[in-house]
Amino acid sequence: MKKNLLKIFAFCAMATAFVACSDDNDGVGSGYPIAGTYVTSTREVSNPDINGGEVQNMNFVMDFKWKEGVNMPTVGGFMPASSVISLMNAMVSQLVAGGLQEFTLAPNGAIKAKYKDIKMKGTDTGSILGSLMQPEFLPEVKNFPSAETDAVIPANAVAYEANASMMYFRLSKKFIDEKAAADMGPNFSKQLAKMIADNKLPIKTTGDYFGIPLKYTVNGNQLDIYIDRDMALPYLPILQVLKSVVPPVSAMGMQINVPELIESVINASESFKITFPLEKK
């Protein structure tokens, strides 16, 4: 049971492996002060580990500074983590630029989006990776929420709230319990809340939802939602546990222990900032 619980919790822990520790709720109110409709924007990337140091504009920015004298972590025993981050930065930037057409943070806390689906070239791992690395998008612009997306994530399962410096991505406990019921039984959110409390993880917990904290800055019409190294440090103990129970992921002919890789990257970095840049319409 403990191993199954940890495997289910792995999704939450890895999704929040780079999020903030904050209980500052002064001025919390959905939409303050970031409500609006946005399109994707770009920021300059000049990190020597990305694009060979050449300055480029990216729609998604993973900017890392590594500790001196520390061996670079590798993936599969030979690919430097810095190279993997460079590939991920370019790939996610293309997906954001081509796929996300519009992103709305509504004043009532709702999250909405307009997007295009990726044209998949096949169902095997190689084809899927190829589709992501060199994405092509179908012409139809779709909406979230919609009847199609409600079958996967109902509109009332996700929301946001914000204060003067933080925003929280909210995930409904009811939705979590419904998705986990078959494997974990009823009321899995109570087990998850206990694990969060026992490990003192910086995830906001209320009677109705879990809130994953993110930082943001506003500069005119520009909104940067981001995570940094300081936000990741509270998760190192849980990554220690997860790396021994979460099975490796197969990718590009390699077996990758994702929690172990995340842990090694955090420990090898002096600082990092991962930014999702947006511009208000």
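Everything discussed here concerns the structure shown above.
This section reports on the structure supplied with the text. All values reported here derive from a predicted model rather than from experimental measurement.

## A short note on the overall build of the protein chain
When helices and strands are counted, the protein chain shows nine helices and 17 strands. The buried share of the protein chain, taken over its 281 residues, is 45%. For the protein chain, long-range pairs separated by at least 24 residues make up 66% of all intrachain contacts whose partners lie at least 6 apart in sequence. Surface summary for the protein chain: the accessible area is close to 14,400 Å², and the carbon and sulfur share equals 55%.

## Looking at the nonpolar core
Among the nonpolar cores identified, the biggest contains 55 residues, and I34, F64, L105, M167 and L223 are the most heavily contacted of them. Judged by nonpolar contacts, the second largest core, of five residues, contains M79, V84, M254 and I256.

## What to know about the pairing of strand β17 (residues 269-280)
Where strand β1 (residues 36-40) and β17 come together, three bridges link them in antiparallel fashion. Bridge pairing links V39 to E279 in β17. One ladder, built from six bridges, connects strand β4 (residues 61-66) with β17; its direction is antiparallel. By the bridge assignment, M62 is partnered in β17 with I274. Direction of pairing for strand β14 (residues 222-228) relative to β17: antiparallel, over a ladder of seven bridges. For L223, the partnering residue across the bridge sits in β17 and is L278.

## Considerations on the pattern of salt bridges
Enumeration according to the criterion identifies ten salt bridges in this entry. One salt bridge connects D117 with K142, and the closest N-O pair in it is separated by 2.6 Å. Here D117, found in the loop between β8 (111-115) and α3 (125-133), pairs with K142, found in strand β9 (residues 142-144); they are 25 residues apart in sequence, far enough to count as distant. A relative accessible area of 24% places D117 in the partly exposed class. Among the residues examined, K142 registers a relative accessible area of 16% and is labelled buried. A salt bridge links E161 to R170, with the nearest nitrogen and oxygen atoms 2.9 Å apart.

## Focus on unusual backbone geometry
Cis rather than trans, the peptide bond between F144 and P145 has omega equal to 5 degrees. Within the secondary structure, P145 is located in the loop between β9 and α4 (147-150). Positioned with a positive phi, K200 is a non-glycine residue whose angle comes to about 55 degrees. With respect to the helices, strands and loops of the structure, K200 is situated in the loop between α6 (188-198) and β12 (204-205).

## Brief notes about the environment of E270
Counting through the fold element by element, E270 comes out in strand β17. On the basis of relative accessible area, E270 is assigned to the partly exposed category, the value being 44%. Residues E270 and E68, spaced 202 residues apart in sequence, show a C-alpha to C-alpha distance of 8.4 Å. Apart from residues lying up to four places away in sequence, E270 is in contact with K65, W66, K67 and R229.

## Thoughts on α6
Within α6 the residues assigned to the buried category are F188, S189, L192, A193, M195 and I196. Projection of α6 onto a plane perpendicular to its axis shows the buried side chains occupying an angular sector of 160 degrees, all on one side. Projecting away from the buried face of α6 at angles above 90 degrees are the exposed residues K190, K194, A197 and D198. Of the residues one or two after α6, K200 is the one with positive phi, at around 55 degrees.

What counts, and at which threshold
What you see as residue numbers is a count from 1 along each chain, following the sequence as written. Whole-chain, interface and lining totals are the exception, using all residues; otherwise, since this is a predicted model, local features are given only for residues with pLDDT of at least 70 and side-chain atom pairs are given and counted only at 80 or more. Based on all heavy atoms of the structure, the side-chain values leave hydrogens and waters out of the count. For the purposes of this entry, the term helix denotes a DSSP run of H or I that reaches at least four residues, the term strand denotes a run of E that reaches at least two, and both are numbered from the N terminus. In this scheme, a residue with accessible area under 20% of its type's maximum is buried, one over 50% is exposed, and one in between is partly exposed, where area comes from a 1.4 Å probe on protein chains only. Contacts are residue-level and defined by heavy atoms, with any inter-residue pair within 4.5 Å sufficient. Only the protein chains shown count as cover for residues, with accessible areas throughout obtained via the Shrake-Rupley method and a probe of 1.4 Å. Think of a nonpolar core as a cluster: buried Ala, Val, Leu, Ile, Met, Phe, Trp, Tyr and Cys residues, connected wherever their side-chain atoms sit within 4.5 Å. When DSSP finds two or more bridges between two strands, those strands count as paired. Any Lys or Arg side-chain nitrogen found within 4 Å of a carboxyl oxygen on Asp or Glu counts as a salt bridge. Along the arc lie the directions from the helix axis toward the C-beta atoms.

Bear in mind that shape data such as this cannot, by itself, settle questions of function.
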